[in-house]
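Architecture and fold: a report
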Amino acid sequence: MKTTSKNAKYLTYKEVSESFVVNRQFRQLIINDSSIIVGPRGCGKTTLLKMLYPLAYHANTSDKLRKLYDEMPFWGIYIPADTEWKEQLEMIRKSDSEYSENLVITLISINILSSIVQCFGDLLQISRDLAKESSKCDITISDIDDIEISLAKDLIKNWRMPTTVVPTLYEIVQYWTVMTYDIGSMLESNKYNGPIFDGYSYFMNYAKSAFNAFEQHCSRLSFCAKKNFRWALCFDELEILPENFRQHIYKLLRSSLQNVLYKTTSAYLLSDLPDSPTDAAEGQDYSEIFNWVYGEESQKEWQSFCKELFNKKINGFSKLVGEYDLLKGVKKTSYDGKDYIKGSPTYDIFTELASKDTSFNNSLKQKGIDPQDPYLEQQKEWLKKVKTVAICRWYHLKNREMSPFYFGEELLYDISEGNPRLAIKILDEIFLEYNKQNGKKTAISPERQSDIIIFLSKKKKRFLENYPNAVIEKDNKRFSLGDLINIIGSYFSQELYGDTFQEFPKNTFCYDDRCESILPLIKIGLELGAFIKLQTKESREQVYKLSYILYPCFNLPRRATVTKYAYLFDILYPHKSNEDQTKLDLQ
């Protein structure tokens, strides 16, 4: 099995299909309704959209996926955006041209129409390939060529393109490509003779005429007709495009067109935005597909996904990295006896910690447990709950450097937290270590696994700290995403390692409107995977956690459950009194 940590945008449909692992999100996406895939960068949004395209369908060799594909009631048309495109749009907007706004609309519309025609061309090419392979096919390659010419002539006529355009789908795409170059040169010469779209509704009028023409000319082609000429326009990286276009797409979620759906992506829920960009109702007009780990159920699904992915790459992966066991990481020893009783590693850690940590000592006494003999059967459940916190504090007192907490199968799955690109990066590093063994298949030590995770954690943190434009400014004061991450991470670290032992140190934070000025950084952090939204859409609170991949930078351990949250305002301004808790201002 091939795996790659590259952005799926740069992979062919065949490459995406070869490495694809079916998940719940894909099953949700192929349902017959409009959808928004929500999640940070790298979580697989582009992969999911590209898997709806006919070339991905045709390249598939999995029986399991084929069955799902056969149930999919539409063909997806992948419509990409990229940073170069964004720069061109910004350049047009900044120009003094009287046509600047319409040129922006035109450029976006051209990209959509080109994607539609490209999809038509790929469907016809697949039909040619199938005609070559089958001796019983009633349609010849020559027939398909004639169909393409007839279709192209109709598109040229309906779209009022110059009659000099050669009637093939390839030449139509080339015509639109030249138009995009002409728009750029127009800004320099102030001359442009190409088409002008003066409203976003125009591209849908053009698209409808294209879909009607395709159905009319291609109804005899079984592969083209496989989805009954239903389509899903799949807009990737919508955040790159102008705000008014995004608003238009969100409004289209309530579209009454019977044969067109909309599939798009977002880094955050529409309901979390201060001003909802659409009156479309989630659950009625469209569905939101959560593509990250936001709770226990989604965590189990992600672990199952990773287990299949990792074991396809490395046979026997589970044995290679072993189980997650915090005691094994800090004590570097195995213990198979009864835990918590005298003589066990946990008992020894509790005893030593109680002798050095006054606050932990007092907590034991409050529970009726002798600090010099820290085991009481009646309080065993409490001891289990505080075990992770106690081990971390014990290790921190002995060693101030980064902790070796990051190893074992379960942790290696969890730390990538719904992000396939990060999961594959981890897998690639483990695979390099595996290859060094020359086929011996010896277990990779917890220390070496921790080194790999700590390296990736530092790399991720540097990326976030240096991300361009991830900063807010007011009155010549700057506050960056890196500043926000460091304050939040240090707060959670202090909760765990501070002077006061806490049974349940806070490890999540809640946003409220007192921090309204910080919202742009929260949004960027969600998009880049610095923060993870935990609460589902049913919750009234907006609760987030620091991404697991950043935990090593703050010596935070994997926690089986999410505990209490702190208000972001209190994290940023710990010394403010209740009377002072007004809206946050940069200070």
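If you're wondering where the values come from, they're calculated on a predicted model, not measured in any experiment. (Residues numbered from 1 in each chain as written. Predicted model: local features only at pLDDT ≥ 70, side-chain atom pairs only at ≥ 80, totals over all residues. Heavy atoms only, no water.)

Because each turn of an α-helix spans 3.6 residues, side chains separated by three or four positions end up pointing in the same direction. With 12 residues, helix α15 (residues 345–356) should reach 16 Å at 1.5 Å per residue; the first-to-last C-alpha distance of 17 Å fits that figure. Among the residues of α15, Pro345, Thr346, Tyr347, Ile349, Phe350, Leu353 and Ala354 are the ones counted as buried. Of the surrounding elements, those touching the buried residues of α15 are α14 (326–331), α16 (358–366) and α17 (380–398). (Helix = DSSP H or I, 4+ residues; strand = E, 2+ residues; numbered from the N terminus. Expected span 1.5 Å × (residues − 1). Buried < 20%, exposed > 50% of the residue type's maximum accessible area, 1.4 Å probe, protein only. Contact = heavy atoms within 4.5 Å.)

This brings us to the sheet that holds strand β3 (residues 231–235). The sheet built from 5 strands is open, its strands ordered β2-β3-β4-β1-β5 with parallel pairing. One side of each edge strand has no neighbouring strand; the edge strands of this open sheet are β2 (75–79) and β5 (286–290). Averaged over all pairs of adjacent strands, the angle between strand axes in this sheet comes to 20 degrees, irrespective of strand direction. The pairing of β3 with strand β4 (residues 260–266) spans 5 bridges and is parallel. Bridge assignment links Trp231 to a residue of β4, and that residue is Val260. (Pairing = 2+ DSSP bridges. Axes fitted to C-alpha atoms, helices over the stretch in contact; angles between N-to-C directions.)

On to the pattern of salt bridges, then. As enumerated under the stated definition, the model contains 21 salt bridges in all. Note that Glu308 and Lys312 form a salt bridge whose closest N and O atoms lie 3.3 Å from each other. Taken together, the residues span about one helical turn, with Glu308 and Lys312 both in helix α12 (residues 296–313) at a distance of 4 residues. Residue Glu308 is classed as partly exposed on the basis of its relative accessible area, which comes to 32%. With a closest N to O distance of 2.8 Å, Arg558 and Asp414 form a salt bridge. One end of the pair, Arg558, is in the loop between β10 (542–546) and β11 (565–567); the other, Asp414, is in helix α18 (residues 409–414), and 144 residues separate them in sequence. Take Arg558 and Asp414: they sit in the same class, and that class is buried. One network of salt bridges, in which partners are shared, links Arg128, Asp145 and Glu148. (Salt bridge = Lys/Arg side-chain N within 4 Å of Asp/Glu carboxyl O.)

Across the sheet, 4 strands lie side by side as β9-β10-β8-β11; this open sheet has mixed pairing. Each having just a single partner strand, β9 (531–533) and β11 make up the two edges of the open sheet. The sheet shows a mean angle of 40 degrees between the axes of neighbouring strands, taken without regard to direction. Pairing analysis gives 3 bridges linking strand β8 (residues 508–511) to β10, with the strands arranged antiparallel. The residue of β10 that forms the bridge with Cys510 is Val543. Against the sheet, helix α21 (residues 481–497) touches β8, β9, β10 and β11, its axis set at about 75 degrees to β9. In the packing of helix α22 (residues 519–528) onto the sheet, the strands contacted are β8, β9 and β10, and the crossing angle to β9 comes to about 90 degrees.

Backbone phi values are negative for most residues with the exception of glycine, while trans is the configuration of most peptide bonds. With phi around 55 degrees, Asn228 is a residue other than glycine that occupies positive phi space. Examined against the element boundaries, Asn228 turns out to sit in the loop between α10 (201–218) and β3.

Orientation of α12 relative to helix α19 (residues 420–435), taken along the N-to-C sense of each, is 35 degrees, at an axis distance of 11 Å. Considering only the axes of α12 and α19, their crossing is right-handed. In this structure, α12 contributes Trp302, Cys306, Leu309, Phe310 and Lys313 to the contact, and α19 contributes Pro420, Ala423, Ile424, Leu427, Asp428 and Phe431. Its residues assigned to classes, the contact of α12 with α19 comprises 9 nonpolar, no polar and 2 charged. (Left-handed = near helix turned anticlockwise from the far one by under 90°. Nonpolar A, V, L, I, M, F, W, Y, C, P; charged D, E, K, R; others polar.)

Counted under the stated rule, the structure contains 36 aromatic pairs. Taken together, a centroid distance of 5.1 Å and an interplanar angle of 35 degrees make the contact between Trp75 and Phe223 tilted. Here Phe223 lies in the loop between α10 and β3 and Trp75 lies in strand β2, a separation of 148 residues in the sequence. Take Trp75 and Phe223: they sit in the same class, and that class is buried. A network of ring pairs unites the aromatic residues Phe20, Phe26, Tyr57, Tyr69, Trp75 and Phe223 as a single cluster. For Lys227, the ring lying beneath its charged end belongs to Trp75, and the centroid distance is 5.6 Å. (Phe/Tyr/Trp six-rings, centres within 6.5 Å; stacked < 30°, edge-to-face > 60°. Lys NZ or Arg CZ within 6 Å of the ring centre and 35° of its normal.)

So, about helix α8 (residues 141–158). Counted at 1.5 Å a residue, the expected span for α8 with its 18 residues is 26 Å, and the 26 Å between its end C-alpha atoms agrees. Looking only at α8, the buried set comprises Ile144, Ile147, Glu148, Leu151, Ala152, Leu155 and Ile156. One side of α8 carries all its buried residues, which in axial view fall inside an arc of 165 degrees. Pointing more than 90 degrees away from the buried face of α8 are the exposed residues Lys153 and Lys157. (Arc of directions from axis to C-beta.)

Averaged over every residue, the pLDDT of the chain is 84; residues scoring 70 or more account for 83%. Long-range and interchain partners of residues 577–584, a stretch whose pLDDT sits below 50, account for 17 contacts in this model, where long-range means more than four residues apart. (pLDDT = per-residue confidence, 0-100.)

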